[in-house]
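Chain residues, written in single-letter form:
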Amino acid sequence: MSLIEIKDLKVHYPIRSGFLNRITDQVKAVDGINFNIEAGETYGLVGESGSGKSTTGKAVVGLENVTSGTIKYKGVDITETNARHNVKYNQNVQMIFQDSLSSLNSRKRVLDIIAEPLRNFQHLSIEDEKIRVLQLLETVGLNPDSLYKYPHQFSGGQRQRIGIARAVATNPELIIADEPVSALDLSVQAQVLNFMKKIQRDFGISYLFISHDLGVVRHMCQNIAIMNKGRLVEVGTREDIYENPLHIYTKRLLAAIPEVDVVKRQERQQQRKEIERVYQEESSQYYDDEGLPYPLVQVTPTHFVALPKAQLIDQLK
Amino acid sequence: MAEENTLLKLNDVSTSFKIDDAYYDAISHVNLTVKKDKILAIVGESGCGKSTLATTIMGLHDLNTTKIAGQITFENENLLDLNEEKMNDIRGAKIGMIFQDPLSALNPLKRISDQIREVLDYHTTMSVTEKNDRVLELLNQVGIVNPQRTARQFPHELSGGMRQRVIIAIAIACKPDIIIADEPTTALDVTIQAQILDVLRSIQTENHAGIILITHDLGVVAETADEVAVMYAGEIIEHGTTLQVFDNPQHPYTRSLLRSMPQGDSDVANDDLYVIEGSVPSLEKMPQTGDRFAARIPWIPAEYHEERPTMHVVEPGHTVRCTCYQHFYFKTLEDMNI
Amino acid sequence: MWKTILRRVLIMIPEVILLSILVFLLAKSMPGDPFTGSINPRSSATQIEHLKQINGLYDPWYQQYWNWVVHLFHGDLGQSYQYHEPVTNLIGDRAINTLWLSAFTMVLTYALALPLGLYAGKHEGKLPDTVIRIYTYVTYCIPFFVILVIGLWVFGYVLNWFPTTGSVSPTASGIGMIGSRFLHVLLPGLLGALFGTVNIVQYMRSEVIDAKHSDYVRTARSKGVPRKDIYKHHIFRNSLLPIAAFGGYSITGLLNGSIFTETIFSYPGMGMLFIDSISYRDYTVITALVLLFGILNLLGTLLSDIILSIVDPRIRIN
């Protein structure tokens, strides 16, 4: 049994219009996706803005109403009433956000920020709470004197670590990390990513790592899903996705990453242009009549791609 | 004096900001040359002064709270000596600027056509119809599929990529000699980023402009720039052709930055990224003498740093600040802690 | 757009009904009735009792309410107990006076506040800004009625520049009447504007400062647009946006202000009528006025939303 099993998850938003404000259409932010997260792994969810990746993350943590489908945590469907409470889901699943400044309450001290989940779920005495928060600060590599400071007194990387300290306070089993490093400088990004890996090794935490940065995802994730228009277009191991991408969308994303290889840049630009041409001109072969990705089909035991049979055979040649 | 292709020359330029009655250098003693037909990248992390460099060239600082020293030579004039009126003749016409956040950089209450036409109003003598035609032509040039429609729209009706194209259209409207692009793709998706960089490259070849590309993204630099200047704490610490800097980086900071990038072949479970110790000092705490990067490589003995670091020639066209680069080595993994 | 406005107006209906019930009950629950003060000191208790009976004061509240509503729809707001005149007539005359005064105050307020706010924001931190800010702080600290009383005393009685009571000189006629009317609203209007500008000046100032440091102004500067044109084409218009939205609400403020102004200046408008009818427990007038003020409030809010949706392309009320 996986830690998290997501089955046919849909999150649709109604669009209201007309005189009586009736529901006339729907935005299918997440439109039927399936994936599993194993205990102790980092699962990568990749897509561009508007792909539905953040909505998926929020649905998993419970910040978004699920239209249909199931999210099973240790076999219990947490979309059902009361289920969440029974398995202490809110305590065991936490979230880290991209913008650490706006996701931390600017009027609260670091002590109160980190202690908040503790106060919600564990009823510690004031001394014990302080000891626990100091422990957490040490884990994330911040000074004990940070305790009584406010978020704006820290740098971006430090704030992100405060966010992580808050997320790990209740010893969660899963952390949803939504673009945790995209607002950070390269050198700070390295610190935060290392730290995320360290607490994973130390506490066996799983991550759902949501990002648009394929370089960072490759560094962090063993299993990856590529999301496009609310659906998954390709799922596989890191090797499947990076060595043998099959869907044009995956190829296009990979080709778009600029690389620090000056000698090959001409070549890469050519390659990118060619993939872009295929994407523009032959998109009907990769997407259905409505312009949406096809259902996933299995290619190897680990590798799935959203292509019709004929196209798939073509790709595998 | 100057080479044939030189468009703009920065000579010993320093910009300092007033904080509580004292002035602090945001950029110190910068020397740079922008050449025709070339893309010069200024790369560094937030707070290194790269954006201040752009706004200094454009003359966008409030001189009541900012001190600027040195010379910025453009068409045989020092831009720092020009009054506001003369600078307005240059801004938008001869030097165009592209900004990072394409949503806030456009006036939310004005139609796209009006915002592009505004540049033409001040720098050309075109008739109204000519201007309207030019607006459509520009939108077409930056790759907007339906220029008529976009021209009538408001900024919030466009996607991020489209808005950035509009910003570029504004910057190139008067065919400037120099385009300064400050983090032009940071707010965009990678695929859109690739498209925007394509647009920039095509404009450069069509207009023969010199481009200053300011970015923190080493990949963007490696794929786009002809020349690179790496900045740390307000100073240029390494400068050379893109190939020189990326294939043979010399300064400890450049080498550390490149090393801290995620690599493809790492082991997911165990491999950590290289971390530069410490953090960038704030403006007020910036050391004013000695090697500003020294504090972040404490295992390199002090005697290897210069007291007043200068640029040293590694090979023709490739320079690096401070002698410490000759003695730098990476701290071994065992004694590194996060 | 029209659809949306219509929908908004329809939504207002239950709000107005609720308001009217509240207003009616509130007026009923006030201590005393129009006969407590007694119309004629010689009226006997039985006579008063009889008067109460025929005026329906002993009917259950919902029946009284229903009668009131039915009459309302016939354009009959009832009879004032104090003035022995239909409430509609009573309000009609005064509404015009109040409209005069309010419109004048409003025009004056904006004519003063916008340039002051723009100027202060433009010269942020310099002497003119400091002077304007001191003016706003000082005015803000003084209660409105104190400003009115001092103004009335200094300019009305001591200097004798302006008339101190009424809405028009009883002897004036023809062109002179218009002049006289104007003269009568001048001082209360000026004082009202003096007070009303405070919020708008501060609002405008901070909007201008925000706009000045915004990215789109930086873009305009990098286009080579001269500073004065940047103020004209970008900063002024964008700063006006929230002020325009504020416009609808300021109607409400003016009506509230009119209660003070009219009472102190003995200006025969709705505000003075309101205070008078409260002291006489003239509740047919009170309910009519509160209802009217309430509806004007709702309309002001609607107006604000409509103005905003017209000037701001980002907001389309759908």
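Where an unreviewed UniProt entry is consulted, chain B appears under the name ABC transporter ATP-binding protein, with the organism given as Weissella hellenica. Quoted verbatim from the Subcellular location (unreviewed entry) heading of the UniProt record, the comment on chain B is "Cell membrane". In the Sequence similarities (unreviewed entry) part of its UniProt record, chain B is described as follows: "Belongs to the ABC transporter superfamily."

The name given to chain A in an unreviewed UniProt entry is ABC transporter ATP-binding protein, and the organism recorded there is Weissella hellenica. UniProt lists a comment for chain A under the heading Sequence similarities (unreviewed entry), and it reads "Belongs to the ABC transporter superfamily."

On to the sheet that holds strand E4 (residues 66-74) of chain B. All names here are of chain B. Read from one edge of the open sheet, four strands run E2-E1-E4-E5, paired in antiparallel fashion. Each edge of the sheet is formed by a strand with only one pairing partner; in this case those strands are strand E2 (22-35) and strand E5 (77-78). Both strand E1 (residues 6-19) and E2 contribute to a ladder of 10 bridges, which runs antiparallel. By the bridge assignment, Val 13 is partnered in E2 with Val 30. Relative to the sheet, helix H1 (residues 50-58) contacts E1, E2 and E4, its axis offset from that of E1 by approximately 110°.

Let's shift gears to the interface of chain A and chain B. Taken together, the contact pairs 39 residues of chain A with 45 residues of chain B. Of the roughly 3,500 Å² buried between chain A and chain B on both sides combined, carbon and sulfur atoms contribute 54%. On the chain A side of the contact with chain B, Leu 186, Val 260 and Arg 265 of chain A bury the most area, a combined 17% of that side's loss. The interface formed by chain A and chain B contains four salt bridges. The salt bridge involving Glu 223 of chain B is made with Arg 268 of chain A; its shortest N-O contact spans 3.0 Å. On the surface where chain A and chain B come into contact, there are 12 residue pairs in polar contact (both at pLDDT 80 or more). Taken together, the elements giving at least two residues each to the side of chain A that touches chain B come down to helix H8 (186-203), helix H9 (214-220), helix H11 (248-256) and helix H12 (265-281) of chain A. Across the side of chain A that touches chain B, the residue classes break down as 14 nonpolar, 10 polar and 15 charged.

All names here are of chain A. With the rule as written, the count across this model stands at 34 salt bridges over all chains. Salt-bridge contacts for Glu 173 lead to Lys 74; the nearest nitrogen and oxygen are separated by 2.9 Å. Here Glu 173 is found in the loop between helix H7 (156-168) and strand E7 (174-178), whereas its partner Lys 74 is found in the loop between strand E4 (68-73) and strand E5 (76-77), with 99 residues between them in sequence. Exposure remark for Glu 173: the relative accessible area of 24% places this residue in the partly exposed category. Between Lys 198 and Asp 202 there is a salt bridge; the shortest N-O distance is 3.1 Å. Taken as a pair, Lys 198 and Asp 202 lie in helix H8 at a separation of four residues, close to a single helical turn. By relative accessible area, Lys 198 is classed as partly exposed at 29%. You can call Asp 202 partly exposed: its relative accessible area is 47%. One network of salt bridges, with partners in common, ties together Arg 109, Asp 112, Arg 119 and Glu 129.

Each value, and the rule that gives it
- Residues numbered from 1 in each chain as written.
- Chains lettered and ligands numbered in written order.
- Predicted model: local features only at pLDDT ≥ 70, side-chain atom pairs only at ≥ 80, totals over all residues.
- Heavy atoms only, no water.
- UniProt positions renumbered as here; feature names shortened; annotations may be inferred.
- Pairing = 2+ DSSP bridges.
- Helix = DSSP H or I, 4+ residues; strand = E, 2+ residues; numbered from the N terminus.
- Contact = heavy atoms within 4.5 Å.
- Axes fitted to C-alpha atoms, helices over the stretch in contact; angles between N-to-C directions.
- Buried area = accessible area lost by both parts, 1.4 Å probe.
- Salt bridge = Lys/Arg side-chain N within 4 Å of Asp/Glu carboxyl O.
- Polar contact = N/O pair within 3.5 Å; in protein donor to acceptor, adjacent residues only side chain to side chain.
- Nonpolar A, V, L, I, M, F, W, Y, C, P; charged D, E, K, R; others polar.
- Buried < 20%, exposed > 50% of the residue type's maximum accessible area, 1.4 Å probe, protein only.

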